[in-house]
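# A look at the structure
Below, each chain spelled out in residue letters.
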Amino acid sequence: MRILVVGASGTVGQAVVAQLSERHEIIRAGRTGMDVQVDIMSEDSIRSMYETVGPVDAVISATGGAHFGPLTNLTPALNQIGIDSKLKGQVNLVLLGLDAVRDGGSFTLTTGIMMDDPIRQGASAALANGGVKAFVHAAAIEMPRGIRINSVSPNVLIESLDKYGPFFRGFEAVPASRVATAFEKSVEGAQTGQNYEVY
Ligand SMILES: NC(=O)c1ccc[n+]([C@@H]2O[C@H](COP(=O)([O-])OP(=O)(O)OC[C@H]3O[C@@H](n4cnc5c(N)ncnc54)[C@H](OP(=O)(O)O)[C@@H]3O)[C@@H](O)[C@H]2O)c1
């Protein structure tokens, strides 16, 4: 398959690329470097990426930012970051990428455990995760040409504990390779409308 991985340089993205590149052609996308550049917060940038890349069998999004901070300090502007990036950015990868995906292809987006198992300072990211999960669930029944759509919801990654460990005390961190396996299931399996929990 020809697979576009957005956020390929990240912790999740690198694991996904490592897992899928043995058997598939991977096109790596991100804001800097990579095979093709994209900022998922810009519709023009997403359109330009798809024009550059051409037809693919699968689009994987392993990206999307959101603000972490105490709820009492969460302003509408800070909350908007997760809406514009993790929620709208990923949804726009689907809306603007439908024509780029071949018949029977797939989209796989990223959510995250904190929508199901809340942590302090995570309300805005949880909002974005929940929106992505709901979009995937509902969009699946209307996807054209046999195209499937799923999301992967990782627990905190072992590889990210240096950065996020203090937020996730008591959580059983998972290896990035397990998260990559869920993306593999989404791309190569037959299911649609799923949110694969890697908890
Ligand atoms: N790591 C964890 O423990 C964990 C747990 C649960 C969920 N998640 C979710 O998994 C996803 C990836 O997390 P990660 O830890 O792998 O992140 P990461 O290591 O920070 O990597 C983020 C990737 O996304 C790209 N990126 C960032 N902003 C972008 C934008 N506006 N447009 C296009 N590409 C952009 C980055 O490329 P550049 O550097 O070039 O910008 C990089 O390739 C996120 O949605 C995160 O919430 C992560």
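Under an unreviewed UniProt entry, the name given to the protein is Short-chain dehydrogenase/reductase SDR, and the organism recorded is Exiguobacterium sibiricum. The UniProt entry for the protein carries this comment under Sequence similarities (unreviewed entry): "Belongs to the short-chain dehydrogenases/reductases (SDR) family."

### A word on the packing of aromatic side chains
Within the structure shown, the criterion is met by three aromatic pairs. Relative to Tyr-164, the ring of Phe-68 has its centre 6.4 Å away and its plane inclined at 20°; by these criteria the two rings are stacked. Highlighted residues: Phe-68 in the loop between β4 (56-61) and α3 (76-95) and Tyr-164 in helix α5 (residues 161-164), separated in sequence by 96 residues. A relative accessible area of 28% means that Phe-68 is categorised as partly exposed. Centre to centre, the rings of Phe-168 and Phe-171 are 5.2 Å apart; their planes meet at 90°, and the pair counts as edge-to-face.

### Let's talk about the packing of helix α1 (residues 11-20) against helix α6 (residues 176-188)
As a packed pair, α1 and α6 sit with axes 8 Å apart at the nearest point and diverge in direction by 60°. As far as their axial angle goes, α6 and α1 are oblique. Pair α1 / α6 crosses with right-handed handedness. Facing α1, whose interface residues are Thr-11, Val-12, Ala-15, Val-16, Gln-19 and Leu-20, α6 presents Ala-176, Ser-177, Val-179, Ala-180, Thr-181, Phe-183, Glu-184 and Glu-188.

The rules behind each value
- Residues numbered from 1 in each chain as written.
- Predicted model: local features only at pLDDT ≥ 70, side-chain atom pairs only at ≥ 80, totals over all residues.
- Heavy atoms only, no water.
- UniProt positions renumbered as here; feature names shortened; annotations may be inferred.
- Phe/Tyr/Trp six-rings, centres within 6.5 Å; stacked < 30°, edge-to-face > 60°.
- Helix = DSSP H or I, 4+ residues; strand = E, 2+ residues; numbered from the N terminus.
- Buried < 20%, exposed > 50% of the residue type's maximum accessible area, 1.4 Å probe, protein only.
- Axes fitted to C-alpha atoms, helices over the stretch in contact; angles between N-to-C directions.
- Parallel < 35°, antiparallel > 145°, perpendicular 65-115°, else oblique.
- Left-handed = near helix turned anticlockwise from the far one by under 90°.
- Contact = heavy atoms within 4.5 Å.

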